[in-house]
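Here is how the chains run, residue by residue.
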Amino acid sequence: GGGACNCGTIYKLDSAGHETLLHAFSGGADGAYPATDLLADKAGNFYGTTRFGGSSNAGMVFRLAPDNTKTVLYNFLGTNDGGAPQSGVIADRLGNLYGTTELGGGKDAGVVYRLAPDGSETVLYSFTGGTDGNEPYGGLFAGKKKELYGTTTSGGTNGLGTIFEVSSKS
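What counts and what doesn't
- Residues numbered from 1 in each chain as written.
- Predicted model: local features only at pLDDT ≥ 70, side-chain atom pairs only at ≥ 80, totals over all residues.
- Heavy atoms only, no water.
- Helix = DSSP H or I, 4+ residues; strand = E, 2+ residues; numbered from the N terminus.
- Buried < 20%, exposed > 50% of the residue type's maximum accessible area, 1.4 Å probe, protein only.
- Contact = heavy atoms within 4.5 Å.
- Core = buried A, V, L, I, M, F, W, Y, C linked by side-chain atoms within 4.5 Å.
- Phe/Tyr/Trp six-rings, centres within 6.5 Å; stacked < 30°, edge-to-face > 60°.
- Salt bridge = Lys/Arg side-chain N within 4 Å of Asp/Glu carboxyl O.
- Polar contact = N/O pair within 3.5 Å; in protein donor to acceptor, adjacent residues only side chain to side chain.

Enquirer: Explain the side chain of Arg51 to me, please; I cannot follow it from the model alone.
Expert: Along the chain, the position of Arg51 falls in the loop between strand E4 (46–50) and strand E5 (60–64). Under the relative-accessibility criterion, Arg51 is labelled buried at 17%. Ignoring anything within four residues of it in the chain, the contact list for Arg51 reads Ala32, Tyr33, Ala58, Gly59, Ala84, Pro85, Gln86 and Glu102.

Set out below in structure tokens:
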């Protein structure tokens with residue numbers, strides 16, 4: 001929440017605890033409800049996701065530049081490409097971003113995706129909601145051999161979630 005429409009904000013705190021507003025989401029095409037930490041790069045850009053908003057109200061991936069200019073990098077459609085990202089993104093050395101969406105995919109059980117620097121998205125895995133898991137909520141962890149690890153909130157053998165591994169290559 002927060003901001004003029006209660007759609008969320010990006011802010012910074014200095015060492016004395018003073019808050020500076022960097023961006024207030026307005027909902028709609030601008031995005032709404034960022035729900036996770038931001039990823040910072042060496043150039044001072046921040047990368048994140050919003051759970052809703054964007055062109056299809058299915059969330060987005062964005063970049064906030066050091067001058068506070070926000071750029072939408074990808075709008076989720078909420079279909080096979082995924083929707084409602086609940087976690088942030090991680091990056092590789094080539095500038096690809098990786099993340100999960102809670103919804104979307106072939107069975108509407110969420111996806112693991114890669115977003116290339118040119119803005120093209122690749123679904124690396126589409127959950128079925130069965131023993132492979134359902135609704136990946138948390139962020140990803142990258143292994144040493146380009147594998148990605150994460151968790152789901154439900155599904156699995158006992159219906160209580162899974163820990164999964166997916167290749168970052170496709």
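Now, onward.
Enquirer: Help me understand the nonpolar core, please; the structure alone is not making it clear to me.
Expert: Among the nonpolar cores identified, the biggest contains 10 residues, and these are Tyr47, Ala58, Val61, Tyr74, Phe76, Val89, Leu97, Val111, Tyr113 and Leu115. Tallying contributions element by element places strand E9 (residues 111–115) first for this core, with three residues. Among the nonpolar cores identified, the runner-up in size contains nine residues, and Ala109, Phe127, Phe164 and Val166 belong to it.

Enquirer: In this structure, what is going on with the packing of aromatic side chains? I would like to understand it.
Expert: Centre distance and the angle of the planes are the two values used to describe a pair of aromatic rings. Summed over the entire model, instances satisfying the criterion amount to six aromatic pairs. Relative to Phe76, the ring of Tyr74 lies with its centre 5.1 Å away and its plane at 75°, an arrangement referred to as edge-to-face. In this structure Tyr74 comes out as buried when scored by relative accessible area, which is 16%. Their ring planes at 80° and their centres at 5.0 Å tell us that Tyr125 and Phe127 sit as a pair that is edge-to-face. One aromatic cluster is present, built from ring pairs that chain together Tyr74, Phe76 and Tyr113.

Enquirer: Where do I start with unusual backbone geometry in this structure?
Expert: Leave glycine aside and you will find that most residues have negative phi; peptide bonds, for their part, are mostly trans. Positive phi values are uncommon outside glycine, yet Tyr33 reaches one of about 65°. Not every positive phi belongs to a glycine, and Asn57 is a case in point at roughly 55°. Looking at where Asn57 falls in the secondary structure, it is placed in the loop between E4 and E5.

Enquirer: Whenever I open this one, the pattern of salt bridges confuses me. Can you help?
Expert: Oppositely charged side chains can pair when the atoms bearing their charge come close. According to the stated counting rule, one finds two salt bridges in the structure shown. We note a salt bridge from Lys70 to Asp30, for which the minimum N-O separation is 3.2 Å. Pair noted here: Lys70 is in strand E6 (residues 70–75) and Asp30 is in the loop between strand E2 (19–24) and strand E3 (39–40), with a separation of 40 residues, a long-range link. The class of Lys70 is buried, set by a relative accessible area of 16%. Among the residues examined, Asp30 registers a relative accessible area of 17% and is labelled buried. Residue Glu102 is joined to Arg51 by a salt bridge in which the shortest nitrogen-to-oxygen separation is 2.4 Å.

Enquirer: Would you explain the environment of Asp132 in this entry?
Expert: With respect to the helices, strands and loops of the structure, Asp132 is situated in the loop between strand E10 (121–126) and strand E11 (141–142). The exposure class of Asp132 is buried, given its relative accessible area of 16%. Setting aside its immediate chain neighbours within four residues, Asp132 contacts Tyr125, Ser126, Phe127, Thr152 and Thr162. Only 2.6 Å separates the side chain of Asp132 from the side chain of Thr128, close enough to count as a polar contact.

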